[in-house]
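Listed below, chain by chain, are the residues.
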Amino acid sequence: GKEIPGQASLVFDVALLDLHNPKDGVAVEKQHVPEPCERRSQAGDFLRYHYNGTLLDGTLFDSSYARNRTYDTYVGKGYVIAGMDEGLLGVCIGEKRRITIPPHLGYGEEGRGKIPGSAVLIFDIHVVDFHNPSDSVGITVTYKPSNCSVLSKKGDYLKYHYNASLLDGTLLDSTLSLGKTYNIVLGSGQVVVGMDMGLQDMCVGERRRVVIPPHLGYGEEGVEGEVPGSAVLVFDIELLELVSGLPEGYMFVWNGEVSANLFEEIDQNHDGEVLLDEFSEYIQAQVDSGKGKLAPGFDFEKIVRNMFSNQDRDGNGKVTAEEFKLKDQEAKEEHDEL
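Definitions and cut-offs
Residues numbered from 1 in each chain as written. Predicted model: local features only at pLDDT ≥ 70, side-chain atom pairs only at ≥ 80, totals over all residues. Heavy atoms only, no water. Axes fitted to C-alpha atoms, helices over the stretch in contact; angles between N-to-C directions. Helix = DSSP H or I, 4+ residues; strand = E, 2+ residues; numbered from the N terminus. Parallel < 35°, antiparallel > 145°, perpendicular 65-115°, else oblique. Left-handed = near helix turned anticlockwise from the far one by under 90°. Contact = heavy atoms within 4.5 Å. Nonpolar A, V, L, I, M, F, W, Y, C, P; charged D, E, K, R; others polar. UniProt positions renumbered as here; feature names shortened; annotations may be inferred. Disulfide = S-S within 2.5 Å. Expected span 1.5 Å × (residues − 1). Buried < 20%, exposed > 50% of the residue type's maximum accessible area, 1.4 Å probe, protein only. Arc of directions from axis to C-beta. Pairing = 2+ DSSP bridges. pLDDT = per-residue confidence, 0-100. Domains from an automatic or database assignment. Lys, Arg positive; Asp, Glu negative; His and termini not counted. Salt bridge = Lys/Arg side-chain N within 4 Å of Asp/Glu carboxyl O.

### Focus: the packing of helix α6 (residues 276-289) against helix α7 (residues 300-311)
- It is the contact of α6 with α7, at a shortest axis distance of 10 Å, that shows an interaxial angle of 120°. With respect to α7, the axis of α6 lies oblique. Seen along the crossing, α6 lies across α7 with a hand that is right-handed. Residues Leu276, Phe279, Ser280, Ile283 and Gln284 of α6 lie in contact with α7, whose contacting residues are Phe300, Val304, Arg305, Met307 and Phe308.
- The class makeup of the residues in the contact of α6 with α7 is seven nonpolar, two polar and one charged.

### Focus on the UniProt feature "domain: PPIase FKBP-type" (unreviewed entry) in the protein chain
- If you check UniProt for "domain: PPIase FKBP-type" (unreviewed entry), the listed places come out as residues 44-131 and 155-243 in our numbering.
- A helix fraction of 11% and a strand fraction of 40% characterise residues 44-131, whose end C-alpha atoms lie 9 Å from each other.
- Taken end to end, residues 155-243 comprises 11% helix and 39% strand; its first and last C-alpha atoms sit 9 Å apart.

### Let's talk about the state of the cysteines
- Per the stated rule, a full pass over the model turns up two disulfides.
- Put simply, Cys37 and Cys92 are joined by a disulfide, and their sulfur atoms are 1.9 Å apart. In this structure, the disulfide formed by Cys37 and Cys92 twists by about -105° around the S-S bond and is classed as left-handed. Placement of the pair is Cys37 in the loop between β1 (27-32) and β2 (46-55) and Cys92 in the loop between α2 (82-87) and β5 (96-101), with a sequence separation of 55 residues.

### Remarks on α6
- An ideal rise of 1.5 Å per residue puts 20 Å on 14 residues; α6 measures up with 20 Å between its terminal C-alpha atoms.
- Of the residues making up α6, those classed as buried are Glu278, Phe279, Tyr282, Ile283 and Gln286. The arc enclosing the buried residues of α6, seen along the axis, measures out at 125°, which places them on a common side. Exposed side chains of α6 directed beyond 90 degrees from the buried face belong to Asp277 and Asp288.
- A positive phi of about 85° marks Gly290, the residue just after α6.

### Comments concerning the pairing of β2
- Most of β2 sits out of view: nine of its 10 residues are buried.
- Relative to strand β4 (residues 71-74), β2 is paired through four bridges, and the arrangement is antiparallel. Among the inter-strand pairings, Arg48 is bridged to a residue of β4, identified as Asp72.
- One ladder, built from 10 bridges, connects β2 with strand β6 (residues 121-131); its direction is antiparallel.

### As for the confidence of the model for the protein chain
- For the protein chain, per-residue confidence averages 90 on the pLDDT scale, and 96% of positions sit at 70 or higher.
- Confidence drops under pLDDT 50 across residues 332-338; counting only partners more than four residues distant or on other chains, this segment forms 29 contacts.

### Details of the domain arrangement of the protein chain
- Domain parsing of the protein chain yields domain 1 (27-131), domain 2 (138-243) and domain 3 (252-334).
- Once you take the C-alpha centre of each, domain 2 and domain 3 turn out to be 35 Å apart.

### Topic: the side chain of Asp312
- With respect to the helices and strands, the residue Asp312 is situated in the loop between α7 and β16 (319-320).
- Look at Asp312: it is buried, it has no salt bridge, and the nearest opposite charge is Arg313 at 8.4 Å.
- Residues in contact with Asp312, not counting those within four places in the same chain, are Gly317, Lys318, Val319 and Glu323.

### Let's talk about the pattern of salt bridges
- In this structure the tally under the stated criterion is 13 salt bridges.
- The salt bridge involving Asp135 is made with Arg39; its shortest N-O contact spans 3.1 Å. Placement of the pair is Asp135 in the loop between β6 and β7 (138-143) and Arg39 in the loop between β1 and β2, with a sequence separation of 96 residues.
- Given the relative accessible area of 31%, Arg39 is considered partly exposed.
- One salt bridge in this structure joins Arg207 and Glu238, with 3.9 Å as the shortest N-O distance. Of this pair, Arg207 sits in strand β11 (residues 207-212) while Glu238 sits in strand β12 (residues 233-243); the two residues are 31 residues apart in sequence, bridging distant segments of the chain.
- Among the residues examined, Arg207 registers a relative accessible area of 34% and is labelled partly exposed.
- Judged by its relative accessible area of 27%, Glu238 is partly exposed.
- Here the salt bridges share partners, and the residues they tie into one network are Arg39, Asp45 and Asp135.

Next up, the structure:
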């Protein structure tokens with residue numbers, strides 16, 4: 001045409017950006033593999049990882065580090081580009097690897113955003129953790145006392161120390177740094193489901209490592225500023241004290257025989273009606289004298305108020321002799337309950 005004369009010699013100064021062959025597959029370079037690696041990722045797992053994404057000439061096009069948040073996704077199920085789906089299989093928790101993805105397994109001829117068409121992509125990734133939605137709580141006993149006959153069960157009041165961390169070792173919380181134990185009633189919903197499971201059948205003095213997947217922990221949302229979303233949690237626990245709870249469904253039991261004239265004893269002014277104050281004073285006296293026991297770990301006033309409302313069947317704030325019933329009059333149990 002007009003720009004290139006006939007018989008002209010041409011000079012091209014070329015900077016090679018990248019190259020690939022349509023037959024190329026994903027290339028994986030393992031840069032750091034933790035030991036031991038107890039489990040490797042497989043299709044269907046949910047991974048949390050950090051990455052830097054560059055072109056072959058080193059141009060950075062994306063980084064999870066810049067957002068200060070991991071990229072979280074299922075692998076092997078088509079949620080990410082085909083090359084990344086393949087490159088994230090078989091990784092260990094804490095592993096660092098470089099994944100090189102040809103365009104036909106990346107963003108193709110058209111590219112996307114800052115990624116040119118037909119570009120070869122390089123992802124430097126660091127796997128923070130992964131789990132499978134079918135995972136349950138993992139429990140490893142690290143120390144068990146020789147006398148381990150009394151085991152924790154639902155309803156028991158427990159006092160324990162813990163260190164909470166992520167799978168990469170990042171410390172989240174510790175009762176040891178606060179100088180006080182964490183106290184709960186087991187199975188009452190005061191902790192995440194995974195912790196309730198991890199504290200079952202434990203004896204005083206025992207130490208455990210409890211690994212909790214997010215669906216049994218703080219889920220996809222996490223706790224803002226404290227626990228990342230979809231994080232696997234690790235709790236190192238030592239049980240320090242166990243107070244046996246009451247049979248399921250009971251908030252108060254008698255330690256001995258129940259008085260045949262129980263209502264009359266509670267009705268201190270003998271007017272045929274029991275008010276909340278009278279009821280509360282009587283229960284407190286039974287507990288103080290050792291004749292009765294309240295479920296450990298709960299607020300006394302809330303328990304008594306609940307017991308009273310169960311007896312106040314018409315809801316008028318008074319309990320009459322006709323309303324008053326012991327639990328064994330409604331269902332046969334080992335202990336009586338007001």
